[in-house]
Amino acid sequence: MKHIISIRDLDRPFIDELINHANHIASQHFNANSLSDKILALLFFEPSTRTRMSFEAAMARLGGTSISVGSIEASSISKGETLADTIRVVSGYADAIVLRHPKEGAARLASEFSSVPVINAGDGAGQHPSQTLLDLYTIQQSLPLDGIDVGMIGDLRYGRTAHSLTYALSLYRCRIHVISPKGLELPPALIGELRDRGTEVIEHEHVEDIIKELDVLYVTRIQRERFPDSASYFDVSSSYKVTTELLEGVRSHLIVLHPLPRVDEIDPEVDTLPYARYFEQSRNGVPVRMAMLQEVLK
Amino acid sequence: MIRSVPPPEGLLISPIKNGTVIDHITSGEALNVLKIIGITGTTTESVSVATNVSSGKTGKKDIVKIENRELRKEEMDRIALIAPHVSINIIREFKVFAKRGVERPKFLLGVVRCPNPGCITNAHEPISSRFEVLPNVLHCMYCDWLITTDITGHMI
């Protein structure tokens, strides 16, 4: 039984094969009834728009059915049921479970109590492997993944997408440039681990110092709740904003990605530039998640 | 094979009749070794501790002698987390009954509490903490948190 819990569990051949599979699906090479006898349980303990809807869309495109809890408040979970018990019960109703939960490691726990495959759709500030896979998929649409320069900007401390992606990029010998406000840097233990794995991680104070040497700029949201007051938030967020001026003179093949939702990190004027790929990235969630569902349900 | 303990000449602490001698502890880690094996001010064992003793092997070392207690395998392996070069002598009737090195365990189940308050192992769930032991860090197998310092401080 195959679970997809953390990008750390996946090796490069698996990721490459999954990306290839998603490429085939995106070019309409798939059986629209391949999962017609399957039921997918969506267990979302936290709000989600893109992840939840794209998993539902992926399941529907493959002919399968999705079931979900209407609201957590109206379920047994609000009565104090453990996640372990919820998973035991739900795995009796469905052929696979997609889980989003506020606690880190929740999906790993779920995989230990489930009798069907579990896909992690985000656990707290931890892992979000389907996002990372679609990030890699979007990059390889424009560039070879090997040896490129990737800039990561924004909240790199709490942003789970940044942790998962930097780890995945280390499989491809990319150089990682990190630019973040004080206090929101990539955790030192993670930087140390990446370096131990032979990945070059370079810290920059200003994005202007490195923007012209990047192949990919990955922007993450700076969360307002991390700051003591609105003034300090606006100070920081304005200095980490991607604008058309910032992108003048960059490499012609640069791509700008963002896991969305964005708030002020990317000026809407950037949307019309050829570098902007974040909406395409979001759309790519469907073929990548179709490939993941076929992988765990085959 | 049973052999005699060398004469106590020059030793700062006297030999024990029965129990365990933990030798070649990384200098300064003796008290943490006691903590790891659950010896505190309220336990009853008679314990001798010598710190920063000259050692040809590592320059300086610590030694712990515990009377009337023989360490279990899992206790010895826990010690390896902070003092990988220790040698452990089980003493019976003043003689070395067995001499053992320690092995860093590959995994720690229920030994270390994850310092991440958001980790599922700190929630009300029917699971124990589980850490993978890597060369310089402990890796939480649930939330991916890495413990790089003060391993003893996180022990349950």
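Being a predicted model, the structure only gives us computed values, none of them experimental. (Residues numbered from 1 in each chain as written. Chains lettered and ligands numbered in written order. Predicted model: local features only at pLDDT ≥ 70, side-chain atom pairs only at ≥ 80, totals over all residues. Heavy atoms only, no water.)

Caption draft 1: Structural context of the overall build of chain B. Assigned secondary structure in chain B consists of two helices and ten strands. Mapped from its N terminus to its C terminus, chain B presents α and β elements in the order β-β-α-β-β-α-β-β-β-β-β-β. For chain B, the residues scored as buried account for 46% of the 156 residues in total. Sequence separation of at least 24 residues holds for 59% of the intrachain contacts in chain B that already meet a minimum separation of 6. Looking at chain B as shown, the accessible area adds up to about 8400 Å², and 53% of this sits on carbon and sulfur atoms. Side-chain charges in chain B split into 19 positive and 16 negative, and the spacing between the mean points of these groups amounts to 4 Å. (Helix = DSSP H or I, 4+ residues; strand = E, 2+ residues; numbered from the N terminus. Buried < 20%, exposed > 50% of the residue type's maximum accessible area, 1.4 Å probe, protein only. Contact = heavy atoms within 4.5 Å. Areas by Shrake-Rupley, 256 points an atom, 1.4 Å probe, with all protein chains shown as cover. Lys, Arg positive; Asp, Glu negative; His and termini not counted. Charge placed at Lys NZ, Arg CZ, Asp CG, Glu CD.)

Caption draft 2: Main features of the interface of chain A and chain B. The interface is formed by 18 residues belonging to chain A together with 18 residues belonging to chain B. The three residues of chain A that bury the most area against chain B are A:Lys103, A:Glu104 and A:Leu109, which together make up 34% of that side's buried surface. Viewed at the interface, chain B and chain A are joined by two salt bridges. Across the pair A:Arg8 and B:Asp144 runs a salt bridge whose closest N-O atoms are separated by 3.5 Å. Summed over the shared surface of chain A and chain B, the result is ten residue pairs in polar contact (both at pLDDT 80 or more). Among the elements of the structure, helix H3 (83–90), helix H4 (106–113) and helix H7 (188–196) of chain A are those that each provide at least two residues to the side of chain A that touches chain B. With five residues, H4(A) is the largest single contributor of residues to the side of chain A that touches chain B. In terms of residue class, the side of chain A that touches chain B is built from seven nonpolar, five polar and six charged. (Buried area = accessible area lost by both parts, 1.4 Å probe. Salt bridge = Lys/Arg side-chain N within 4 Å of Asp/Glu carboxyl O. Polar contact = N/O pair within 3.5 Å; in protein donor to acceptor, adjacent residues only side chain to side chain. Nonpolar A, V, L, I, M, F, W, Y, C, P; charged D, E, K, R; others polar.)

Caption draft 3: Highlighting the packing of helix H5 (residues 129–142) of chain A against helix H6 (residues 160–169) of chain A. Residues and elements named next belong to chain A. Where H5 contacts H6, the two axes come as close as 9 Å, and the packing angle between them is 55 degrees. Considering the angle they form, H5 stands oblique to H6. Here H5 and H6 pass one another in a crossing that is right-handed. Packed against H5, whose contacting residues are Gln131, Thr132, Asp135 and Leu136, the element H6 presents Thr161, Ser164, Leu165, Ala168 and Leu169 at the interface. Across the contact of H5 with H6, the residue classes break down as four nonpolar, four polar and one charged. (Axes fitted to C-alpha atoms, helices over the stretch in contact; angles between N-to-C directions. Parallel < 35°, antiparallel > 145°, perpendicular 65-115°, else oblique. Left-handed = near helix turned anticlockwise from the far one by under 90°.)

Caption draft 4: View of the pattern of salt bridges. Tallied over the full model, the rule gives 22 salt bridges over all chains. The closest approach of N and O atoms between A:Arg108 and A:Asp9, which form a salt bridge, is 3.0 Å. Here A:Arg108 is found in helix H4, whereas its partner A:Asp9 is found in the segment before helix H1 (12–26), with 99 residues between them in sequence. What makes A:Arg108 buried here is its relative accessible area of 16%. Ionic pairing is found between B:Asp77 and B:Lys73, a salt bridge with its closest N-O pair at 2.7 Å. With B:Asp77 and B:Lys73 both in helix H2 (residues 73–79) and four residues apart, the pair spans about one turn of that helix. We classify B:Asp77 as buried; its relative accessible area is 13%. The exposure class of B:Lys73 is partly exposed, given its relative accessible area of 47%. Through salt bridges that share partners, A:Arg12, A:Asp16, A:Asp146 and A:Arg173 make up one connected network.

Caption draft 5: Fine view of the environment of A:Thr161. Residue and element names in this part refer to chain A. Mapping threonine 161 onto the fold places it in helix H6. The exposure class of threonine 161 is buried, given its relative accessible area of 10%. In sequence terms threonine 161 and leucine 186 are 25 residues apart; their C-alpha atoms lie 11 Å from each other. In contact with threonine 161, other than residues within four places in its own chain, are His128, Gln131, Tyr218, Thr220 and Pro259.

Caption draft 6: Up close: the sheet that holds strand S7 (residues 107–109) of chain B. Residue and element names in this part refer to chain B. Ordered by their spatial adjacency, four strands build an open sheet running S7-S8-S9-S10, and the pairing between neighbours is antiparallel. Edge positions in the open sheet fall to S7 and strand S10 (146–147), since each of these has one partner strand only. In the sheet, S7 pairs with strand S8 (residues 130–133) via three bridges, with the strands oriented antiparallel. Residue pairing for S8: leucine 108 is matched across the bridge by phenylalanine 131. (Pairing = 2+ DSSP bridges.)

Caption draft 7: Focus on the confidence of the model for chain B. Residue and element names in this part refer to chain B. Mean pLDDT over chain B: 86, with 91% of residues reaching 70 or higher. Of all the helices and strands in chain B, strand S1 (residues 3–4) carries the lowest mean pLDDT, 62, while S8 carries the highest, 94. With pTM at 0.85, the complex prediction returns an ipTM value of 0.83. (pLDDT = per-residue confidence, 0-100.)

Caption draft 8: Representation of the packing of aromatic side chains within the structure. Enumeration according to the criterion identifies two aromatic pairs over all chains in this entry. Between A:Tyr233 and A:Phe234, the aromatic rings sit 5.1 Å apart at their centres with planes inclined by 65 degrees, giving edge-to-face as the arrangement. For the pair A:Tyr278 and A:Phe279, a centre-to-centre distance of 5.3 Å together with 65 degrees between the ring planes defines the contact as edge-to-face. Note on A:Phe279: relative accessible area 42%, which makes it partly exposed. Across the ring face of A:Phe14, the terminal group of A:Lys2 is positioned such that the distance to the ring centre comes to 4.3 Å. If you follow B:Arg92 out to its NZ or CZ, it ends over the ring of B:Phe97, 3.8 Å from the centre. (Phe/Tyr/Trp six-rings, centres within 6.5 Å; stacked < 30°, edge-to-face > 60°. Lys NZ or Arg CZ within 6 Å of the ring centre and 35° of its normal.)

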